[in-house]
Amino acid sequence: AAGVGQQWVLVEMVQAFYEAPAYHLILEGILILWIIRLLFSKTYKLQERSDLTLKEKEELIEEWQPEPLVPPVPKDHPALNYNIVSGPPTHKITVNGKECINFASFNFLGLLNNEKVKSAAQASLKKYGVGTCGPRGFYGTFDVHLELEERLAKFMRTEEAIIYSYGFATIASAIPAYSKRGDIVFVDEAACFAIQKGLQASRSNIKLFKHNDMADLERLLKEQETEDQKNPRKARVTRRFIVVEGLYMNTGDICPLPELIKLKYKYKVRIFLEESLSFGVLGEHGRGITEHFGINIDDIDLISANMENSLASIGGFCCGRSFIIDHQRLSGQGYCFSASLPPLLAAAAIEALNIMEDNPDIFQTLRAKCERIHKALQGISGLKVVGESFSPALHLQLEESCGSRENDVKLLKRVVDYCMNSGIALTQARYLEKEEKCLPPPSIRVVITVEQTEQELDKAASLLKEAAQSVLN
């Protein structure tokens, strides 16, 4: 019975072979031939080995020229020829042995050499020592850190705050803590370098919009909305962020926050606000751009700022809702892996906050001085003022370029040196030119503080006009 069954199967196979279409038989024949070829052919050909003689090897080694580890840097590069400061960089600063009025340091509220701040830092130094020698999660959390976080959250009227030990690392750590590969970030092309590094670390899809151009931003948001409609499944898991500065470090301009809030709710995006220049400057109580415009701070998803300007300390902080801030305690690289802020600097920041709360008039004083020098700097031949009238950091740019960035920088340096020789300390804005996404034009940065008198402000403006007349004309 078994033999009969096998014969019957064989008959069916032969019958199926005759009934099969011709193209089917041809295809099967080709496949069979290809399998036979693969089985019996060599997968690769052995190449004949050709050994070099010792002389040939030595000649090749002598001819080989390795690429330089770093590109050549001229000896007159500004980074290699820095000015040396002796003493505290307060109202008066001693640069290369010469005392000048300080228009270069970001000591907006004049707290760097404040006696109360120094006393608080000294008391903390005696209690805790110099540093912490550990990140926050590894015996690096001191009671003074928790007090500072609580005070910052209370001052900014948010649920919670988190502090970092390095100002630059604050926003550079915060962005990649939330925005990941595949997410989309809309960012102003004038964003500072710390934001750029945070975006780079996030590996997100970056879309630059023209500086403070809300029409251009909305164009990008509409384009993304159209793309999302094509692939709604992907759109549901893609997060979208807008990253801006309150006062832009590179331009001194204020961001149009009310318009940004409208776009946020219209297109369902989150807003990250970097306020290093506007914290302790804008608003009736120095709370920044949200207070300046009278905007509910809950409309902002995350606010970051450094404590190295108005608070005259070191480090930075982020504030917002508790569930947002707590995420950084697990994902903020600068928080998790850097040694925590030295307690003496945390104590100094707390005392600086006390002074800000006890003296709200200080912000109006700063604003009045900013507006005074902004007006006085108008009409300088060859130079134009860039920045808001209330910005404590203004830029002076050339009205017309000399033809190359290198020549522009040298020309502005001559203006800075002219002022330095006459007792006014200024500085040029510095950038990592090969790494900037949108390199700003060369400029002289003028920093205003509450310590500068009206006479000194007028002297600085007059001296800049005189320097421009001498150097540029």
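Numbers given for residues are sequential positions, taken from 1 along each chain in its written order. Where totals are concerned, whole chains, interfaces and linings use all residues; where local detail is concerned, this predicted model gives features only for residues with pLDDT of at least 70, and gives and counts side-chain atom pairs only at 80 or more. Just so you know, side-chain values use all the structure's heavy atoms and leave hydrogens and water out.

As named in an unreviewed UniProt entry, the protein chain is Serine palmitoyltransferase 1, taken from Promerops cafer. According to the UniProt record, the Sequence similarities (unreviewed entry) comment for the protein chain reads "Belongs to the class-II pyridoxal-phosphate-dependent aminotransferase family." UniProt positions are given in the numbering used here, feature names are shortened, and annotations may be inferred rather than shown by experiment.

Take the sheet that holds strand E2 (residues 92–95) next. Two strands are said to pair when DSSP picks up at least two bridges between them. Each helix is a run of DSSP H or I of at least 4 residues and each strand a run of E of at least 2, with the numbering of both proceeding from the N terminus. The strand order E1-E2-E3-E13 describes an open sheet built from four strands, whose pairing is mixed. Of all strands in the sheet, those with a lone pairing partner are strand E1 (85–86) and strand E13 (424–425), marking the two edges. Of the pairings in the sheet, the one linking E1 to E2 comprises two bridges and is antiparallel in character. When the sheet's bridge partners are listed, Val85 is paired in E2 with Val95.

Take the buried residues of types Ala, Val, Leu, Ile, Met, Phe, Trp, Tyr and Cys, join any two whose side-chain atoms come within 4.5 Å, and each joined set is a nonpolar core. Between buried and exposed lies partly exposed: a residue is buried under 20% and exposed over 50% of the maximum accessible area for its type, with that area taken using a 1.4 Å probe on protein chains only. The biggest cluster of nonpolar side chains holds 123 residues, and the ones touching the most others in it are Leu148 and Phe279. The element contributing the most residues to this core is helix H15 (residues 343–358), with 10 residues. Segmentation of the chain into domains, including their bounds, is taken from an automatic or database domain assignment. Looking at this core, you find at least three residues from each of domain 1 (78–102 + 360–472) and domain 2 (115–358). Leave out the neighbours within four places in its chain, and Phe279 touches Leu152, Phe155, Met156, Gly286, Gly288, Ala305, Asn306, Ser310, Leu311, Phe317, Leu353 and Met356. Any two residues whose heavy atoms approach within 4.5 Å at even a single point are treated as in contact.

Our focus in this paragraph is the pattern of salt bridges. A pair is scored as a salt bridge if a Lys or Arg side-chain nitrogen falls within 4 Å of a carboxyl oxygen belonging to Asp or Glu. Under the criterion given, the structure shown has 21 salt bridges. A salt bridge links Glu149 to Arg136; its shortest N-O distance comes to 2.9 Å. Separated by 13 residues along the polypeptide, Glu149 in helix H6 (residues 143–156) and Arg136 in helix H5 (residues 136–140) bring together distant segments of the chain. This pair shows no difference in class: Glu149 is buried, exactly as Arg136 is. Three or more residues are tied together by salt bridges with common partners; here these are Arg136, Glu149, Glu160, Asp326 and Arg329.

We now examine unusual backbone geometry. At Asn96, a residue that is not glycine, the phi angle is positive and equals roughly 50°. Of note, Asn96 is situated in the loop between E2 and strand E3 (98–102). Unusually for a residue other than glycine, Cys133 sits at a positive phi of about 55°. Using a relative accessible area of 82% as the deciding quantity, one classes Cys133 as exposed.

Let us now look at the side chain of Ser443. With respect to the secondary-structure elements, Ser443 resides in the loop between strand E14 (427–428) and strand E15 (444–447). Polar side-chain contacts of Ser443 include one of 2.8 Å to the side chain of His395. In contact with Ser443, other than residues within four places in its own chain, are His395, Leu396, Gln397, Leu412, Gln428, Ala429 and Tyr431. Two N or O atoms form a polar contact when they lie within 3.5 Å of each other; inside protein one atom must be a possible hydrogen donor and the other a possible acceptor, and for residues adjacent in sequence the pair counts only when both atoms belong to side chains.

Right, let's talk about the pairing of strand E10 (residues 316–320) for a bit. Burial within E10 is extensive, with five of its five residues counted as buried. Covered by surrounding structure in E10 are Gly316, Cys318 and Gly320 together with Phe317 and Cys319, the residues of both alternating faces. Bridge count for strand E4 (residues 160–164) against E10 is five bridges, and the pairing is antiparallel. Along E10, the bridge assignment pairs Ala161 with Cys319.

Turning to the packing of helix H4 (residues 115–128) against H15, a few remarks are in order. Between two packed helices, what matters for the description is the angle formed by their axes and the separation of those axes. Axis definition: a line fitted to C-alpha atoms, over the contacting stretch in the case of helices. Angles run 0 to 180 degrees between N-to-C directions. As a packed pair, H4 and H15 sit with axes 8 Å apart at the nearest point and diverge in direction by 150°. Our classification of the angle between H4 and H15 gives roughly antiparallel. Once H4 is placed against H15, the crossing between them reads as right-handed. Contacts between H4 and H15 pair Lys116, Val117, Ala120, Ala121, Ser124, Leu125 and Tyr128 from the former with Pro343, Leu344, Ala347, Ala348, Glu351, Ala352 and Ile355 from the latter. When residues are grouped by polarity, Ala, Val, Leu, Ile, Met, Phe, Trp, Tyr, Cys and Pro land in nonpolar, Asp, Glu, Lys and Arg in charged, and all others, Gly among them, in polar. Looking at the contact of H4 with H15 residue by residue, the class counts come to 11 nonpolar, one polar and two charged. The labels follow the angle: roughly parallel below 35 degrees, roughly antiparallel above 145, roughly perpendicular from 65 to 115, and oblique for the rest. With the far helix as reference, a near helix turned anticlockwise by less than a right angle produces a left-handed crossing, and one turned clockwise produces a right-handed crossing.

The element helix H7 (residues 167–178) is largely enclosed, with a buried count of 11 among its 12 residues. Those residues of H7 not exposed but buried are Gly167, Ala169, Thr170, Ile171, Ala172, Ser173, Ala174, Ile175, Pro176, Ala177 and Tyr178.

Annotation from UniProt places "domain: Aminotransferase class I/classII large" (unreviewed entry) at residues 99–462. For residues 99–462, the helix share is 46%, the strand share is 16%, and the end-to-end C-alpha distance is 19 Å.

This part takes up the packing of aromatic side chains. Pairing of aromatic rings covers Phe, Tyr and Trp, the last through its six-membered ring, and needs centres within 6.5 Å; plane angles under 30 degrees mean stacked, over 60 mean edge-to-face, and all others mean tilted. This model, assessed by the stated rule, comprises nine aromatic pairs. On the numbers, 5.5 Å between centres and 70° between planes, the contact of Tyr178 with Phe272 is edge-to-face. Taken as a pair, Tyr178 in helix H7 and Phe272 in strand E8 (residues 270–274) lie far apart in primary sequence, 94 residues in all. The same class applies to Tyr178 and to Phe272, which are both buried. Aromatic rings pair up to connect Phe155, Phe279 and Phe317 into one cluster.

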